Amino acid sequence: MNDRHIIIPDEMRLLAERAGYAPAVKVGKTLYCAGQVGRTPDLAVIEDPEQQFIAAWENLRLVLAAGGCTFEDVVDLTTYHTDLQRDMPLFRAVKDSVFPRATCAWTCLGVSELARPGLLVEIKCIAVQR
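Below, the structure is looked at part by part.

Conventions we followed
- Residues numbered from 1 in each chain as written.
- Predicted model: local features only at pLDDT ≥ 70, side-chain atom pairs only at ≥ 80, totals over all residues.
- Heavy atoms only, no water.
- 1 Å grid on protein atoms, 1.4 Å probe; cavity = no way out; pocket = protein on both sides within 12 Å on 5 of 7 lines; lining within 4 Å.
- Points joined across faces, edges and corners; volume = space filled by probe spheres on them.
- Helix = DSSP H or I, 4+ residues; strand = E, 2+ residues; numbered from the N terminus.
- Nonpolar A, V, L, I, M, F, W, Y, C, P; charged D, E, K, R; others polar.
- Buried < 20%, exposed > 50% of the residue type's maximum accessible area, 1.4 Å probe, protein only.
- Expected span 1.5 Å × (residues − 1).
- Bend = angle between axes of the 7 residues up to and from the residue.
- Contact = heavy atoms within 4.5 Å.
- Core = buried A, V, L, I, M, F, W, Y, C linked by side-chain atoms within 4.5 Å.
- Axes fitted to C-alpha atoms, helices over the stretch in contact; angles between N-to-C directions.
- Parallel < 35°, antiparallel > 145°, perpendicular 65-115°, else oblique.
- Left-handed = near helix turned anticlockwise from the far one by under 90°.
- Salt bridge = Lys/Arg side-chain N within 4 Å of Asp/Glu carboxyl O.

## Remarks on the layout of surface pockets
For the largest pocket, the calculated volume is near 210 Å³. In terms of lining, the largest pocket is formed by Leu15, Tyr21, Gly35, Gln36, Val37, Arg39, Leu43, Val45, Ala115, Arg116, Leu119 and Glu122. In terms of residue count, the dominant contributor to the lining of the largest pocket is strand S3 (residues 30-37) (three residues). Of the residues contributing to the lining of the largest pocket, the split by class is seven nonpolar, two polar and three charged.

As C-alpha cells, then:
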C-alpha cells in the first residue's frame, strides 16, 4: 500500500518506542486508531476514574488530530471496560461532554483486564477524513 502512513503524535513518541506499535495508521482518508487509555505522557495510569476517562478521550483526540481528523470524523467507535456496569454512568457523562452524540456506530464491551493494572477503559476508533 503506497498510501499507508504511520501516525505518531509527538506526545506519544515514548509510548510508540516502548510499546512498539503505532497509535494510528492512515490509509487514504481512513484513519485506524489503536486503543487509547487514561495515562499521563510518561505512561503512568491515572487513578481517578473521571480523570482517567478524560485523559483517554484527550489521548484519542491527539491521535485523531495527528492524522488530520476530529471526533466528528469518527465513523466507528469501540470501548472496552473492565467494570462496565459500575463505570458506564460516569464514562457516558464524560463521553457526552467531549464527543458528539449519535454521530457514529458505537460498541462497548466488558473485558476482564486491559494492558496495565488500574486501567478502566480503552477507546479505539476508525475515522474517515472529510
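## Some thoughts on unusual backbone geometry
The backbone of Leu43 shows a phi angle near 80 degrees, a positive value even though the residue is not glycine. With respect to the element layout, Leu43 can be found in the loop between S3 and helix H2 (49-66). Owing to a relative accessible area of 10%, Leu43 belongs among the buried residues under this scheme. One non-glycine residue, Ala102, lies in the positive phi region at around 55 degrees. On the basis of relative accessible area, Ala102 is assigned to the exposed category, the value being 83%.

## Brief notes about helix H3 (residues 84-98)
Here H3 spans 19 Å end to end across 15 residues, near enough to the 21 Å set by a 1.5 Å rise per residue. In H3, a bend of some 30 degrees at Leu90 exceeds every other bend along the element. Taken together, the buried positions of H3 are occupied by Asp87, Met88, Phe91, Val94 and Lys95. Elements in contact with the buried residues of H3: H2, strand S4 (74-81), strand S5 (105-110) and strand S6 (121-128).

## Topic: the side chain of Thr78
When you line up the elements, Thr78 lands in strand S4. When sequence neighbours within four positions are dropped, the list of residues in contact with Thr78 reads Thr107, Leu109, Glu122, Ile123 and Lys124.

## A word on the nonpolar core
The biggest cluster of nonpolar side chains holds 25 residues, and the ones touching the most others in it are Leu31, Cys33, Trp57, Leu60, Leu64 and Ile123. For this core, the secondary-structure elements that each account for two or more residues are S3, H2, S4, H3 and S6. Counting residues per element, this core draws most heavily on H2, which supplies seven residues.

## Some remarks on the packing of H2 against H3
The contact between H2 and H3 brings their axes to 10 Å, and the two run at 40 degrees. One element, H2, and the other, H3, form an angle in the oblique class. Between H2 and H3 the crossing geometry is right-handed. Facing H2, whose interface residues are Pro49, Glu50, Phe53, Ile54 and Trp57, H3 presents Asp87, Leu90, Phe91, Val94, Lys95 and Val98.

## A word on the pattern of salt bridges
With the rule as written, the count across this model stands at six salt bridges. Measuring nitrogen to oxygen at the nearest pair gives 3.0 Å for the salt bridge that ties Arg130 to Asp73. Of this pair, Arg130 sits in the segment after S6 while Asp73 sits in the loop between H2 and S4, and the two are 57 residues apart along the sequence. Relative accessible area serves as the criterion here: at 9%, Asp73 is assigned to the buried category. Between Arg86 and Asp87 there is a salt bridge, with its nearest N and O atoms 2.7 Å apart. For Asp87, a relative accessible area of 5% translates into the label buried. A network of salt bridges, in which partner residues are shared, links Asp83, Arg86 and Asp87.

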